[in-house]
Structures are given as C-alpha cells and as structure tokens.
Amino acid sequence: MSEESSGRLRRRAETILSGGTFEATDVTATSMKELLHELYVHQAELEIQNEELRGAQQALEASRLQYLQLFQSVPLACLAVNAAGIVGEANAAAERQFGLPMLRLKGRPLTLLLDSVDHGRLFTALGRLRDHGDWVRQEFRYLGPQGTIIDGLTDARRVTLDDSDRGGVLLTITDLTERNAWLREVQQARDDAERARADYHHILQSVGDGILGVDADGRIRFVNAAATAMTGHLDLDLIGRPPSDLLAGPAEPGTGLPVGETDPAAPQAGGAARALALSLTDGRPRSVACERLRREDGGTLLVEITISPMLASGMRLAPMEERIQGAVVAFRDVTARRTAESALNLSERRHRVLVQSLHDALAMTAVDGRSLLANAMAERLLDGPARPLLDPMASAFDADGNAESRAGGQMAPATAPATMVPTTAGRRFIDANGNRLHGLPPAAEAVRSGKPVVERIIGVVEGEEATAPTRWLRVSSRPVADPAGRVEAVVSSVADITAVKALERELNVALDARERFLAAASHDLRQPVQALLLLADLLMKETLAPGARRMAEQIQSSLGGLGGMLDGMLDISKLEAGLVAPNPETVDIAALLARLHGEFAPAAGKAGQALRLVAPPLTTRTDPRLLERVLRALLANALHFAPGGRVLIGARQRGDHVQIEVWDTGIGIADQHIDRIFQDFYQVGNAARDRREGLGLGLSIAKRLVTMLGGTIDVTSSLGRGSRFTVSLPLTETRPDMTDRSGSAGRSGADDEAGRLVMLVEDDAVIRMALVLMLEDWNYRVAEAGSGAEAEQLLGDLIESGEEPDLILADYRLPEGTTGLMVMDMVRRRLSRDIPGVLLTGDTSADRLREAAGAQCALLHKPIQPGRLHDTLAAALGG
C-alpha cells in the first residue's frame, strides 16, 4: 500500500474514531485489515513520538530550571511586568533590593515600588518600548525597605512568556544609591574646594601685603590687588615677567635704614632677586628685611620681602629641583615704619642726651632691684645717701632714722628682717619739719602701694650732733605697671634742694622780721592816725571859717584815704589768717546788681560815663556781703579806668554756673600784665606809686574772696579797647527770691543807746580824750581808764556805787604788759556775766586776729571811722 493511500486510511480512521460513527458496512475486510495495520503502525509511531516528547519535555524542564536558577542568581534586580503594570516574576536580587518576599513581589503593581514623582516618566517609557521597541537606559527612584529611596539605573526589553499575565517586559534595575551618594560627596568636595579656592583668592586679593605667585622658572603667574596697587602696574603687565624687574636692590647706605635679610644663606649682594633664585634651587624659605621696589611711575618703595617655596606633595623621594613647583613672594610696604624707626632712634638718642643732661637725678629700677635707667646725677646719688630712697626693695626706716637696704650693694628681699646693717653709721633721715622718718622710703612705698609718692622732702643728716650738715632732697617715685596691672618698675626723680632750703630759711627769717616790723609799724602808725581821725571829726562839728573848713575837710579826706590803705593791708592779713569765713544764703543776683547800679550810676553820670545793667532773674547761694565787696571793687576799677567811656554790669547762666561780668571800654590791659594784676600791690600804669591810685590790693582781695566762695575770676582784655572781668559761681537756684532785700535792719536808735555806760580803757591820752568826747556826743556815759590797773580800780568804784558797765571799749596794748582782752576777762569774772566788748588795736598780725576771734568780742582796727565805731557799739549793745 502506498504511502498516500496509507495516510488516507489513517486519516479516515482517525475521523471515524474521533466522530464515533464507525460502521462496519462502510469498509471491506481488506480495508479493515489495512486499516487495523495502519492503526497499529500509527500507534507505534505515536508511542515513539510520545517518548520523544517526554524526553523533550524533560529537557525543556531542565532548561527551564537552569534558566530560573540563572534568573534568580542574577545580581541585578529583575522584574517581569505585564501590560497592566503588574509584576509577574522577580528574582532574589529584587527581593533584597525592595525588601519584600517573592510572594509579595509577584502580583504587586509597579506603582507601589516606584517613587510617585517617577510614575508618569516610567510608564511613558514602557509604552514607547511596547509600541516601538525604543528604550533609553535611565535612572528612576524606587522605594526600598522602610521607605528608603533607591536610585535605580533601569534597562528594559520586550519578552514573550508562555503566560501573558506573567509579563511582556523585563526590567533590570542596577542600584546606584551608594554610587550617587559618593558622586554627590565628590561633587560637594569639588564645590567646597571651588569655594575654598574662591575664598583664598578673595583673601589673597584683600590682604594688605603684595603677593606674587612665581612658577619654577621664576616667572610671575599670579598677582594680587595689593601688589598691583603698590607697583602701579596692571596684573596683565606683570604676568610672565620675572620679579627681578620690580626689584631695585637693597636700601642705599646712609639712609639710616637697616639693609639685608634675616637668612644668612641669602647674601645681601643681589638682595631679593638672589634670595628668590636660591629658594627656587634649595627649597628653603628666605626673607629680606629691606628692599627697594620699583613703581610704574618711576618711584620706589621700601619693602620687606618673604619668599616661601611651593613643594609638590607625594614626591618626598624625588630630588629637590623636581619637587619645587614655584614660590610665593610676599612684600610689605615698610617705608613709613622704617622712617618711624629712624625717627624713633633719633628721638631715643636725643632723650638719652636730655636725661643725662638733667640736673635732677632720674632713675628707673625694676622691682627686683635691677637698674634699668640712671643718668649721671642718679649714679652719683646711688653711690651716696640716696640709695635707700631709690631702692624698691628697701625695708622701712628703723627707729634710729636709718633706712635698711642692700648690704654691700646687694638688694635685700622685700620681707627681710630688721637686722640689716644701716647704710652709714651716724646717718639720719628727717622730714621737712626735722622729725626722724619712719615707714617705707619713697621707692619702696610706691612699689608696695602701687601709688605715686610725689615730692617728698627728706633731709639726710650726716652725724648725730645738732650742727651736723644736712643734705635736703626732694624725692618723687612713681610705679610702672605691666599690662596686667602688676608693678614691674619704679621711676624716681631726686633733686638736691639744699640750697633752696637754705634760701627758704633765710626767707622765713626775713618774713618773720617783716611781719614784726609791719605789725609794729602798723600799730605805731594807727595810733596817731586814730587820734587825727577823731579830732578831725570833732573839728568838723565846730563852727569854722570857710577856708579853715576846707582845710579840715581835706585833712579828713586824707586821713580817710590813709585809713583805707591800712584797712586793705588788714584785709590781706585776715584772709591769710583764715579769719574770714563765708556765710552762705540765697542771694538775688538781679536785686544785688540793681542796688549796685543805683549806687554807682549817679557818680558815673557826673563823670560823663554810661553805666548799663543787664540783670536777669537768677539766684545762687553764697555770701552776699563778700560777693558785693568783689563786685564793688570790679565796678570801681572799671569806672576808674574808663573815663568818659561805657561800663556794663550783668549776669547770665552758663550751664550750672552763673557768670557776673563787668565790661568797660577803657584803656585795657597789656598781655604782659594780665597774669599779674591779681598779685598783691601790683598796679598797671602807676610806676610812681601815686597813693591816690590806691595800693593795688583790690583785685588781689577780690580773687581771694571769689576763691573762698567756691568760684573763679577771670579777665580778658584788649589794649586800648577795654576789659571784661568775669566772676563765675555755682548756680543753685533758677528762680529769684522775691523777698525784698533792698532795705536793711536799722541800728538801734539813739534813744536806745542814751545813758548806756561804756567802760573805756585806752593808754593814749589824746585818743582817749577824743573817744570820750565822741561817745558823750552820742549820748553814752563814759568811765575811762588808762591802764589795766586803773580799769580794775575803776570797776571796783563802779560796783561800790551800784553801777556796772554796759560795754567795754578797750585798746589791745596797755601798759605793763596788760592787754584789752585781759581787762575784758577781768571784768567778766568780777561781774560773773558776759559783758559785750569791743577791742581796738593797731596790731594786724595773724596771731592777734585769731586771739581776738577767740575772745568773743568785736574787733576794730585803728584808725577807726567814727561811723563804723558807732555801728559796732550799737550792734554789741544789741546782742
């Protein structure tokens, strides 16, 4: 049977068998037989084929297992994703990368494994792959374990699987998280390096020193702004040039500036250019102390140059010439510094000469006793008696007046026991009053207290006898502190004032003699002047011819002037004795100035002068009587020296002070006299000492009074144009006291004084007679005596007659050594009560003033004006 018929029969049999409609009548026996044969044969073939299929299936399963193992062993995460974005397959690397087991990975939407920001980008790329087969390898952000972000480099290709749900795209994901982090760190390091480079560049550009970057060939490759400013060149003009083009060599000799470099290996010959060449050869840094630098304008600068070679790292074993990559040349403008150093050296030399030429000794000693500075005079004194006075480590003066110091020229410790040998046997140290010194010497005291000891007068007595010679020294010591405030040295100056002290003693002797002479002369002059005053006052009460009255008036006027001069001298004595004390009270400045203006204006008008007033409402607290006396003196001066001119008196507020000013358009004061007009007895323009011009005490007294009131007095003047005197006092109030001060308490009327008994004790018969006549004219009853003994007898007679004196008027100096104060004391003791007393004296010595002040009595100095005597008696009787 042919193959074609056999095949036809087989197909028919298969159709019949499969259709289940087999009928035996449809086939013949032969056909059946053939059919059965074919079926047997086909069955055998099918068994063979089945066996082959089983073998192929086993091979295929083995291959699938091998491919599955390979898929699972791939280190890259692999995901098979279907069209719906569902993961169908995943390998072990994917499990590790995403931190999920296989069961949770399979069937998981890809969106849950991907950062939301990359959803659209990934699915767009997958769609393009399925449609066109195009894929570009790119990074996507995946979600790792615990929500960490994975930078995954993703590759994809289309695949065909037996099950379409298992996926049509295979994704391979490479984890680049660590690499990207490293790249970011590298980039950050690059950015930091770039910023650092920019910062260093900015620093180099902003530093004040000029900087040149030089390569290994000695050519300039970098220039900062300071270098271009110093040289005057642009940076492009300097790039590529050798630094030697800018260097003019060391500073020329004779300029007073140091030349050369600190490194002995770099010789001065050739200066900085030679030093740069050597540094580029041996790699050693060098510096040049002073070099001239050329400028673009042709000038030069003095610069200090530092050369620092740049060595390549990682080439420690290479030769030095191969390791040197260049050098940094820094230069600093030292022109001003060198000039200042030269000037300082010159100044130091001059000061040394000046210190050495001082007549006074000047020494600077460290606290440990080292001598730091001493001029020639100090060296001589240190070898003599002044050593313990200038020794900062000296111990205190001992009980014998000796200072314990260094023995044999060695310093004693600050806490040395008091067993040191005295400096010189028989030497004593005394103070200005002649008392032996105790305590520390000046230098040691300044060091230990930290405070200066200024102008201490010390006498060095060589010997114990009273006539031993004394050397007088004026010592000042000032501590010198370090920055921490610790005393590290002491500066002492010593002046030999032995000659000055001798002159001072002679001056004191002369002053004492002068005071005794003036007191005696004043007393002897005041006695006859007092008699003349009293007699002249009595004479004026008599009926006289016109000519005689004019002469009497002239006598009275002359005596008044003489009395005023004597009173001026008395005022100086009172001020120097401290017997004038201010009594502060609220003073209405405007009212005071108005009263003075009203008093002086009529006289000024008669003399053809204009007196103006500027009196704002100001008050202060001061003594009105002393202030008024000062202003009277200033007004009198202004009117006297401005004949026919204008005078202004006014006040104004300046801060917390009130200024009272007196202006005039008079003759003015020359500059050479300004500083002397407040001196005693000094008068400008009165060389002949015309007594009608006064004694020259007015401004002197005014200055003393203003100082006593806590103020200042000043003068400005222009010769030929006028002067301005200014009194400045502290301002304590701004509103005037509206109390009317224009009136004054009147003295007791004559009726209150009439019949009062005055006990007069005066040894001068003429003065006593005149006083008796005057007192009786004032309705007083007078009991007179000429001495202390007569006064005691007179008091006894009065007591026996049942009378007691109401007041004692006594002269100070009485016969037999008795004084008026003794008489007052005797009367008060006899009557056992305080009787008012008025003391008359011509003695103006300071001791007499203090004695009278302590006796609780009024004091009047001869010559006494009758009016003043009357007021004083009335005030004493009134309590």
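Residues numbered from 1 in each chain as written. Predicted model: local features only at pLDDT ≥ 70, side-chain atom pairs only at ≥ 80, totals over all residues. Heavy atoms only, no water.

- As named in an unreviewed UniProt entry, the protein chain is histidine kinase, taken from Azospirillum palustre.
- As stated in UniProt under Catalytic activity (unreviewed entry), the record for the protein chain gives "ATP + protein L-histidine = ADP + protein N-phospho-L-histidine." (UniProt positions renumbered as here; feature names shortened; annotations may be inferred.)

### Remarks on the pairing of strand 1 (residues 77-81)
Inference 1: Burial of strand 1 is extensive: five of the five residues sit out of reach of the surface.
Inference 2: Residues Ala77, Leu79 and Val81 point to one face of strand 1 and Cys78 and Ala80 to the other, with burial holding for every one of them.
Inference 3: Taken together, the five bridges between strand 1 and strand 5 (residues 169-175) define a ladder with antiparallel strand orientation. Bridge pairing in strand 5 places Cys78 opposite Thr172. (Buried < 20%, exposed > 50% of the residue type's maximum accessible area, 1.4 Å probe, protein only. Helix = DSSP H or I, 4+ residues; strand = E, 2+ residues; numbered from the N terminus. Pairing = 2+ DSSP bridges.)

### Let's talk about the sheet that holds strand 29 (residues 837-841)
Inference 1: Spatially, five strands are ordered 27-26-28-29-30 in an open sheet, and the strand pairing comes out parallel. Pairing within the sheet leaves two strands with one partner each, and these edge strands are strand 27 (781-785) and strand 30 (858-861). Neighbour to neighbour, the strand axes of the sheet diverge by 20° on average, direction disregarded.
Inference 2: Pairing of strand 26 (residues 757-761) with strand 27, which is carried by five bridges, proceeds in the parallel orientation. If you follow Leu760 over to strand 27, its bridge partner there is Glu784.
Inference 3: Running over the sheet, helix 23 (residues 788-800) touches strand 26 and strand 27 and is turned about 140° from strand 27.
Inference 4: On top of the sheet, helix 24 (residues 820-831) reaches strand 26, strand 28 (807-811) and strand 29; it is set at about 165° to strand 29, its chief contact. (Axes fitted to C-alpha atoms, helices over the stretch in contact; angles between N-to-C directions. Contact = heavy atoms within 4.5 Å.)

### Focus: the confidence of the model for the protein chain
Inference 1: Per-chain confidence: the protein chain averages 78 in pLDDT, with 78% of residues scoring 70 or above.
Inference 2: Below pLDDT 50 for its whole length, residues 685-696 participates in 18 contacts with residues either more than four positions away or in separate chains.
Inference 3: This stretch, residues 734-751, has a pLDDT under 50; its non-local contacts, to residues over four places away or in other chains, come to 17 contacts. (pLDDT = per-residue confidence, 0-100.)

### Overview of the packing of aromatic side chains
Any pair of aromatic rings gets described here by the distance separating the centres and the angle formed by the planes.
Inference 1: Considering all chains together, one arrives at one aromatic pair under this definition.
Inference 2: An angle of 80° between the planes, with centres 5.8 Å apart, marks the rings of Phe98 and Tyr142 as edge-to-face. You can see Phe98 sitting in helix 3 (residues 92-98) and its partner Tyr142 sitting in strand 3 (residues 138-143), a full 44 residues away along the chain. Just as Phe98 is buried, Tyr142 falls in that class too.
Inference 3: The side chain of Lys501 reaches across the aromatic face of Trp472, ending 4.7 Å from its centre. (Phe/Tyr/Trp six-rings, centres within 6.5 Å; stacked < 30°, edge-to-face > 60°. Lys NZ or Arg CZ within 6 Å of the ring centre and 35° of its normal.)

### Some details on the nonpolar core
Inference 1: If you look at the biggest cluster of nonpolar residues, it comprises 38 residues, and the most contacted ones within it are Ile589, Leu627, Leu634, Leu635 and Val647.
Inference 2: For this core, the elements supplying multiple residues, two or more each, are helix 17 (589-606), helix 18 (624-640), strand 22 (646-654), strand 23 (657-664), helix 20 (698-708), strand 24 (712-718) and strand 25 (722-730).
Inference 3: Top element by residues in this core is helix 18. It accounts for eight residues.
Inference 4: Excluding residues that lie within four positions of it along the chain, Leu634 makes contacts with Val662, Leu699, Ile713, Phe725 and Val727. (Core = buried A, V, L, I, M, F, W, Y, C linked by side-chain atoms within 4.5 Å.)

### Re the environment of Arg179
Inference 1: Assignment of secondary structure puts Arg179 in helix 6 (residues 177-206).
Inference 2: Given a relative accessible area of 40%, Arg179 falls into the partly exposed group.
Inference 3: For the pair formed by Arg179 and Asp151, sequence separation is 28 residues and the distance between their alpha carbons is 9.1 Å.
Inference 4: Polar side-chain contacts of Arg179 include one of 3.1 Å to the side chain of Asn180. (Polar contact = N/O pair within 3.5 Å; in protein donor to acceptor, adjacent residues only side chain to side chain.)

### Considerations on the pairing of strand 25
Inference 1: Of all nine residues in strand 25, seven are buried; the element is thus mostly enclosed.
Inference 2: Sheet analysis places strand 23 next to strand 25, joined by eight bridges and oriented antiparallel. By the bridge assignment for strand 25, Trp663 is matched with Arg724.
Inference 3: Strand direction decides the pairing type here: strand 24 and strand 25, joined by seven bridges, are antiparallel. When the sheet's bridge partners are listed, Val715 is paired in strand 25 with Phe725.

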